[in-house]
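Structural characterization, general
Each chain, written out:
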Amino acid sequence: MSAATSLRCSDCASTHPLDYLLACPDCGGLLFVEYDLDRIARMPFGSLAGPGIWPYAELLPIPDPAHQVTLGEGSTPLIAVPRLAAAMGLDNLWLKFDGLNPTGTVKDRSAVTAVAAARQFGFDRIGVVSTGNAATAIAAYAARADIRALVLSSATSSRPKVSHVNALTADFMMYRGNYDDLIGAFDRAIDSRVVFDGGASRNPYKQDGKKTLAYEVFEQLGLQAPDYVVYPVGMGELLLASQRGFRELHAAGHADSVPVPVAAQSSIADTIVKALNEGGPRVSISIDYTIAEGVAVGDMGAKGDWVLRDLRDAGGLGAAASDDEVVEWQNRLARLEGIWAGPTGCITLPVLAALVAQGKIARDARVVCTVSETGLKSDLEPPDIPIIEANEAAILDFLQS
Ligand SMILES: [Zn+2]
């Protein structure tokens, strides 16, 4: 059922059995799951996509179907967006709109494998610290699997996210301060094995759910990889996992190429982009609030170094966007294409536009931009628009304008 063979260290390359390990026993490095390429080579790509991510079970580290959990996640549309492309100066642009997942974000893909892995390793409790979206996703799939979700979510999370988590789990607390301050304490608690790790720092089983985005894009483009894929980068899970998915497809002989990864960060949390573009090491920073809550990470820890290495090895690109730029492109996306995405999901758009304007991505490149979050979870001020008295003349006047 699963082609997973071992865990491999991202630092020292040593291999380890498929146990519940969050760090390399030899050097402490982060681990990822390795798969049998011969088995991947025999998979019938072209007829695997949807419904849900489990048609790709062979490429996920959950061998026993009894441990699977699903709410119909994945199978999200790859939408050609010609008007948005023209506004950016591109000829070929698609959006992978993961806001259409059951909890409204790409986090569903990894919450599924996190909760399935918790079952696999005999846990009946899963914990997560989140700025909002991961909390919702972990709590949803834990509820579905009938295991307890212990959730810490930021007190600055949007009201829709807070209400959503509160409905999903009774074990819910909010925290003040930023994600970075709490994540170290959370990881130490995880090491005592009181709960299964639903966090984004280390768990290789959780991360692999996000590989499915690459497989879907590959199938939706007619068994071709795009030239570039743009990812929002908070902890970097999506970029690491999806790019590994594309590399597996290439190594197994399905895809002719691997897309160049593009990292999109907030200008208040731009540690990867800064290191990539200036050539130095990644330097952690203390950050302020950004409306793009999902990328509000100033200290990515060891995972940040891994993301930076992946980007450099692949000749990757990166840029950062301000909150104002995110809002501008969020509204342009709505008006031009009818797609309502949240700020974290939209941060890829101003970043892509900037890289095209700088000549770093050519007009004829085939670009997939991940839009990772629905706009329906955002907490927005009521817009400042005119209010009219409800009389026939005024209504007719408006309709004729
Ligand atoms: Zn190691």
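Our structure is the block above this text.
Residues numbered from 1 in each chain as written. Predicted model: local features only at pLDDT ≥ 70, side-chain atom pairs only at ≥ 80, totals over all residues. Heavy atoms only, no water.

**Here we look at the overall build of the protein chain**
Across its full length, the protein chain holds 15 helices and 13 strands. Its C-alpha atoms put the protein chain at 75 × 50 × 45 Å along the principal axes. Taken across its 401 residues, the protein chain has 56% of its residues classed as buried. Across the protein chain, contacts joining residues at least 24 apart in sequence account for 70% of those joining residues at least 6 apart. Surface accessibility of the protein chain: about 16,100 Å² in total, with carbon and sulfur atoms responsible for 51%. Positive and negative side-chain charges in the protein chain, numbering 33 and 48 respectively, have mean positions lying 3 Å apart. (Helix = DSSP H or I, 4+ residues; strand = E, 2+ residues; numbered from the N terminus. Buried < 20%, exposed > 50% of the residue type's maximum accessible area, 1.4 Å probe, protein only. Contact = heavy atoms within 4.5 Å. Areas by Shrake-Rupley, 256 points an atom, 1.4 Å probe, with all protein chains shown as cover. Lys, Arg positive; Asp, Glu negative; His and termini not counted. Charge placed at Lys NZ, Arg CZ, Asp CG, Glu CD.)

**Description of the pairing of strand E1 (residues 4-9)**
As paired elements, E1 and strand E3 (residues 31-35) share five bridges and run antiparallel to each other. Each bridged residue has a counterpart across the sheet, and for Leu7 the counterpart in E3 is Val33. Bridge count for E1 against strand E2 (residues 15-16) is two bridges, and the pairing is antiparallel. Bridge pairing in E2 places Leu7 opposite His16. Counted between consecutive antiparallel strands, the loop separating E1 from E2 contains five residues, among which Ala13 sits at a positive phi close to 70°. (Pairing = 2+ DSSP bridges.)

**Some remarks on the environment of Val194**
Note on placement: Val194 falls in the loop between helix H6 (179-191) and strand E9 (196-197). With a relative accessible area of 47%, Val194 lands in the partly exposed category. Considered as a pair, Val194 and Phe123 are 71 residues apart in the sequence and their alpha carbons are 9.0 Å apart. Those residues within four positions of Val194 in sequence are excluded, and the remaining contacts are Arg125 and Ala189.

**Examining the sheet that holds E9**
Taking strand neighbours across the sheet as the criterion, the four strands line up as E8-E7-E6-E9 in an open arrangement whose pairing is parallel. Because the sheet does not close on itself, it has two edges, and the strands there are strand E8 (172-175) and E9. Bridging between strand E6 (residues 125-130) and strand E7 (residues 148-154) involves six bridges; their strand directions are parallel. Pairing of Val128 across the sheet is with Val151, part of E7.

**Examining the coordination of the zinc ion**
For a metal bound by four donors in a tetrahedral arrangement, the ideal donor-metal-donor angle is 109.5 degrees, while six donors in an octahedral arrangement ideally sit at 90 or 180 degrees. All of the protein donors around the zinc ion are Cys9 (SG), Cys12 (SG), Cys24 (SG) and Cys27 (SG); their distances to the metal are 2.3 to 2.4 Å. Between the four donor atoms coordinating the zinc ion, the angles at the centre fall across 100 to 116°, so the site counts as tetrahedral. In the primary structure, the donors to the zinc ion are separated according to the pattern C-x2-C-x11-C-x2-C. Of this pair, Cys12 sits in the loop between E1 and E2 while Cys24 is found in the loop between E2 and E3, placing the two residues twelve residues apart along the sequence. Among the residues examined, Cys12 registers a relative accessible area of 39% and is labelled partly exposed. (Donors = N, O, S within 2.8 Å, 3.2 Å for Na, K, Ca; no water. Tetrahedral: all angles 85-135°; square planar, octahedral: opposite > 155°, others 65-115°.)

**Some remarks on the sheet that holds strand E11 (residues 260-266)**
Taken in spatial order, the six strands line up as E4-E5-E13-E10-E11-E12 in an open sheet, and their pairing is mixed. At either end of the open sheet lies a strand with only one pairing partner, and these are strand E4 (78-80) and strand E12 (317-321). Adjacent strand axes in the sheet meet at a mean angle of 25°, parallel and antiparallel pairs treated alike. In terms of strand pairing, strand E10 (residues 228-232) meets E11 through five bridges, oriented parallel. Paired with Tyr231 across the two strands is Ala263, which belongs to E11. (Axes fitted to C-alpha atoms, helices over the stretch in contact; angles between N-to-C directions.)

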